Structure formats: structure tokens, C-alpha cells
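# Working through the structure, step by step
Chain residues, written in single-letter form:
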Amino acid sequence: MAKLEVNVDHVATLRQARLGKEPDPVTAAALAELAGAHGIIVHLREDRRHIQDRDLRLLRQTVKTRLNLEMAATEEMLRIASEVRPDLVTLVPEKRQELTTEGGLDVVGQKDFLREYLLRLQAAGLTVSLFVDADYAQLNAARDVGATWVELHTGTYAEADTEAEALRLFEQLLDAARHARSQGLRVKCGHGLNYVNILPFRGRPEFEEFSIGHSIISRAVLVGMERAVREMLALISG
Ligand code: PXP
């Protein structure tokens, strides 16, 4: 059965809108686990726009499944990952101006740097996944630099304008997943996956795990709305 890792960054985004204490991504992670999530993901961004260092440290203590830390390949993040010791480190490209991660890592273009960086993560006992596009050259490079996992970027597929285009991009992801597995890489995928565009992935053993955040948190806000209003009304009416 395919596994689901839930990204709780967007809970932290809501909290940071008021710079307050709620909603707490640590609580959201515990609830996701109670619902059966196989893992929790957070992206500790350089600008700390959502997840904070405190969240990561608490999650390390409280997550009972697996903790996947998304991060840029920087010295600061290497130090943090070595201290916190998540179950998986996913390296992603990071730009300050972007709203969210915009594409896969250019592994081909920074092969020497990444080989060295992965060696340092692995020396600290960490397992590494690389977030990459569905591209043979990038996948081969991921194998060459010593990654255990690749996460295929599904954002372009998720944004396809037509069904035909989505189908074409899905086939590309499937082909890439098969190629990655033939190279000894384990395959997960994520970005932009929702309750509709996930359907073609069902029952495809090529995709071992899914990393999903925005659509799950969006749905949680909506399916929880009625109850939240009822609870406040009950309080107001005393
Ligand atoms: N995988 C990676 C590498 C990401 O950067 C993100 C977004 O933080 C996701 C998966 C989850 O994407 P979404 O929030 O669109 O489900």
C-alpha cells in the first residue's frame, strides 16, 4: 500500500499570520498521525516564513511515525539536520521570492557539490531524498550523488490545463518512476497533489509514497468549519 506523508507547513503559515501560538503544526501532526498518516513533513525555510526551529525540535520529540525534513542544501541546514536527526532529509531548491517550491533540484548542474553534501549528511547518519523533475538525467545524477530516495515533482502535472496534458505528464511521471526504480532509487512524489489529481496514481506500485500538504490542510479548514462555528455559538449562547 502506498504511504502518505502529511506536510503541516500550512498550519504554521496560519499561525505566523498572527505571530501567535495557534494553530500549532505540532498538534496538527499528532492528529494526522492519529488519522493514519505514515509520516510528517516540514520545510524549514531559510526565511522561517512558516515552520520555526521550535516546531522542528518538538516534532522530533513527538512524531511517532517518521519525520521528513525538507530543506535547502546549506551549511545552516546541515547543522540543524545533524542535530535534530529527522528520519529523512529531502533536499529542495529554495528561492526567497517564491510562494512555494517551484521545481526540482538541478542535481546535474551541481553534482560535485551535492555528492559532497550528501556524504556529510550520510556521515551524520541521515538518509537523503532529492526533489527532482521527471527527467532521466536528473534521476541518474541523483543515483550518482548517492541519494536513497527521489521525490518526483508533480507540480507541473498538477497545473496541467487540459486532461490530455495531465495524462501526458502523468505518463512521464510513471516512466520516470520506473526508471528511478531501475536505478535502485526509491520513489515518492509530491507537490500540488489533491483529491482529484491523485486518482491516476492509485494502485501504481511505482510510487511508494506521497507527500501532500496544501490540499489536506485546505480541506481540513473547510470540513472543520461547521463544527468550529457550532462550538463558538454554543459558548456565546452560554
Ligand atoms: N514536496 C515538496 C518537496 C514540497 O516542497 C512541497 C511543498 O512544501 C510538497 C511536497 C507538498 O506540496 P503541497 O503542499 O502542494 O501538497
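Our subject is the structure listed above.
Structural notes, computed from the coordinates.

Rules used in this analysis
- Residues numbered from 1 in each chain as written.
- Predicted model: local features only at pLDDT ≥ 70, side-chain atom pairs only at ≥ 80, totals over all residues.
- Heavy atoms only, no water.
- Helix = DSSP H or I, 4+ residues; strand = E, 2+ residues; numbered from the N terminus.
- Rg over C-alpha atoms; globule rule 2.2 N^0.38 Å.
- Buried < 20%, exposed > 50% of the residue type's maximum accessible area, 1.4 Å probe, protein only.
- Contact = heavy atoms within 4.5 Å.
- Areas by Shrake-Rupley, 256 points an atom, 1.4 Å probe, with all protein chains shown as cover.
- Lys, Arg positive; Asp, Glu negative; His and termini not counted.
- Charge placed at Lys NZ, Arg CZ, Asp CG, Glu CD.
- Pairing = 2+ DSSP bridges.
- Axes fitted to C-alpha atoms, helices over the stretch in contact; angles between N-to-C directions.
- Phe/Tyr/Trp six-rings, centres within 6.5 Å; stacked < 30°, edge-to-face > 60°.
- Core = buried A, V, L, I, M, F, W, Y, C linked by side-chain atoms within 4.5 Å.
- Parallel < 35°, antiparallel > 145°, perpendicular 65-115°, else oblique.
- Left-handed = near helix turned anticlockwise from the far one by under 90°.
- Nonpolar A, V, L, I, M, F, W, Y, C, P; charged D, E, K, R; others polar.
- Near = heavy atom within 4 Å.
- Polar contact = N/O pair within 3.5 Å; in protein donor to acceptor, adjacent residues only side chain to side chain.

### Considering the overall build of the protein chain
On a plain count of helices and strands, the protein chain comes out with 10 helices and eight strands. Over its C-alpha atoms the protein chain spans a radius of gyration of 18 Å, differing by no more than 12% from the 18 Å that the globule rule assigns to 238 residues. Structurally, the protein chain occupies a C-alpha span of about 65 × 45 × 35 Å along its principal axes. Looking at the protein chain as a whole, 45% of its 238 residues qualify as buried. Within the protein chain, counting contacts between residues at least 6 apart in sequence, those at least 24 apart form 67% of the total. For the protein chain, the exposed area adds up to about 12,400 Å²; of that, 55% sits on carbon and sulfur atoms. Charge-centre separation for the protein chain: the mean point of 30 positive side chains lies 5 Å from the mean point of 35 negative side chains.

### Let's talk about the sheet that holds strand β2 (residues 39–43)
On the basis of which strands lie adjacent, the closed barrel formed by eight strands has the order β1-β2-β3-β4-β5-β6-β7-β8 and parallel pairing. Across the sheet, the axes of successive neighbouring strands diverge by a mean angle of 25°, strand direction being ignored. Sheet topology note: the strand β3 (residues 67–71)/strand β4 (residues 88–91) ladder contains four bridges and is parallel. Of the residues in β4, the one forming a bridge with leucine 69 is valine 89. Of the strands in this sheet, β6 (149–153) and β7 (186–190) are in contact with helix α8 (residues 163–182), which crosses β6 at around 170°.

### Quick word on the pairing of strand β1 (residues 3–7)
Regular strands place their side chains on alternate faces of the sheet. By the bridge criterion, four bridges tie β1 to strand β8 (residues 209–212) in an arrangement that is parallel. Looking at the pairing, glutamate 5 lines up with serine 211 of β8. By the bridge criterion, three bridges tie β1 to β2 in an arrangement that is parallel. Along β2, the bridge assignment pairs asparagine 7 with isoleucine 41.

### Structural notes on the packing of aromatic side chains
In total, this model carries eight aromatic pairs according to the counting rule given. Centroid distance phenylalanine 170 to phenylalanine 201: 4.9 Å. Interplanar angle 90°. Geometry classified as edge-to-face. In this pair, phenylalanine 170 sits in helix α8 while phenylalanine 201 sits in the loop between β7 and β8, placing the two residues 31 residues apart along the sequence. There is no split in this pair, since phenylalanine 170 and phenylalanine 201 are both buried. Here the aromatic residues Tyr157, Phe170, Phe201, Phe207 and Phe210 are joined through ring pairs into a cluster of three or more.

### Description of the nonpolar core
If you look at the biggest cluster of nonpolar residues, it comprises 63 residues, and the most contacted ones within it are Met71, Leu91, Leu121, Leu130, Leu152, Phe201 and Phe207. If one sorts the elements of this core by residue count, α8 sits on top with eight residues. When sequence neighbours within four positions are dropped, the list of residues in contact with phenylalanine 201 reads Thr154, Tyr157, Phe170, Leu173, Cys189, Leu193, Phe207 and Phe210.

### What about the packing of helix α3 (residues 53–62) against helix α4 (residues 75–84)?
At a closest axis distance of 10 Å, the pairing of α3 and α4 adopts a crossing angle of 25°. The angle between α3 and α4 places the two elements in the roughly parallel class. For the crossing formed where α3 meets α4, the hand is right-handed. Two secondary-structure elements touch here, α3 through Asp53, Leu56, Arg57 and Arg60 and α4 through Ile80, Glu83 and Val84. For the contact of α3 with α4, a count of residues per class yields three nonpolar, no polar and four charged.

### A closer look at the environment of phenylalanine 210
When you line up the elements, phenylalanine 210 lands in strand β8. In this structure phenylalanine 210 comes out as buried when scored by relative accessible area, which is 9%. For the pair phenylalanine 210 and glutamate 151, spaced 59 residues apart in sequence, the C-alpha to C-alpha distance is 8.6 Å.

### Comments concerning the site of the ligand
Every one of the 15 residues lining the ligand counts as a neighbour, but Thr101, Glu151, Gly192, Gly213 and His214 are closest to it. At 2.8 Å, a backbone N or O of glycine 213 approaches an oxygen atom of the ligand. The separation between an oxygen atom of the ligand and a polar main-chain atom of histidine 214 is 2.8 Å. Within the complex, the protein chains bury 95% of what would otherwise be the 400 Å² of accessible surface of the ligand. If you list the elements that add at least two residues to the shell around the ligand, you get α1 (9–16) and β8.

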